[in-house]
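The lines below spell out each chain.
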Amino acid sequence: MGLFYKYIKGEEIIVKIKTKRDIGFWKYQLFGILSLFMKDENDYLIITDKRILFFVKDKVKANHIYQDFSKIKINTKSDLLSFQNENKELQEISLSEFQLEYEDYQYLKHKLN
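Rules used throughout
Residues numbered from 1 in each chain as written. Predicted model: local features only at pLDDT ≥ 70, side-chain atom pairs only at ≥ 80, totals over all residues. Heavy atoms only, no water. Phe/Tyr/Trp six-rings, centres within 6.5 Å; stacked < 30°, edge-to-face > 60°. Buried < 20%, exposed > 50% of the residue type's maximum accessible area, 1.4 Å probe, protein only. Helix = DSSP H or I, 4+ residues; strand = E, 2+ residues; numbered from the N terminus. Polar contact = N/O pair within 3.5 Å; in protein donor to acceptor, adjacent residues only side chain to side chain. Salt bridge = Lys/Arg side-chain N within 4 Å of Asp/Glu carboxyl O. Pairing = 2+ DSSP bridges. Axes fitted to C-alpha atoms, helices over the stretch in contact; angles between N-to-C directions. Contact = heavy atoms within 4.5 Å.

(A) Inspection of the packing of aromatic side chains at higher detail. Under the definition given, this model contains three aromatic pairs. A centroid spacing of 6.3 Å and a plane angle of 50° characterise the contact between Tyr-66 and Phe-69, whose relative ring orientation is tilted. Judged by relative accessible area, which is 7%, Tyr-66 ranks as buried.

Below is the structure:
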């Protein structure tokens, strides 16, 4: 998590979701078995009081400063997180790469609504 703190230093974390990135056994049968013994990678969605950060495979996919937390919305059908940036322009981030589970969607909906 040390990598993320340089982005959010001095900011309050409001939402933090951590998911495991793995290889599906049935999709990649041999790699599925090997993935049980390999290092687990995690993806993170972090919303602070100032920005939205989205990390996939330890790389920053999104680092956006937003205007108003109350205007951040999630569309669970299209996996889009929408918000207003500092110029009050509507922006969207696709969370389809982020492999959210049902509990993650419920947590996001609870925090954002």
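And the narrative resumes.
(B) Examining the side chain of Arg-51 more closely. Along the chain, Arg-51 turns up in strand β3 (residues 51-56). A residue is classified by how much of its surface remains accessible, and Arg-51, at 15% relative accessible area, is buried. Reaching out from Arg-51, the side chain makes a polar contact with the backbone oxygen of Tyr-7 at a distance of 3.4 Å.

(C) The arrangement of the pattern of salt bridges in detail. Throughout the structure, instances matching the rule amount to two salt bridges. The salt bridge partner of Lys-61 is Glu-97, with a shortest N-O separation of 3.8 Å. With Lys-61 in strand β4 (residues 59-65) and Glu-97 in the loop between β7 (90-94) and α3 (102-112), this pair connects stretches of sequence that are 36 residues apart. Under the relative-accessibility criterion, Glu-97 is labelled partly exposed at 37%.

(D) Spatial organisation of the sheet that holds strand β5 (residues 73-75). Spatial strand order, β5-β6-β7: three strands in an open sheet with antiparallel pairing. Two strands bound the open sheet, and with one partner strand each, they are β5 and β7. Sheet twist, expressed as the average angle between the axes of neighbouring strands with direction ignored, equals 25°. Direction of pairing for strand β6 (residues 80-84) relative to β7: antiparallel, over a ladder of five bridges. The residue bridging Gln-84 from the neighbouring strand is Leu-90, located in β7. Packed on one face of the sheet, α3 meets β5 and β6 and runs near 145° to β5.

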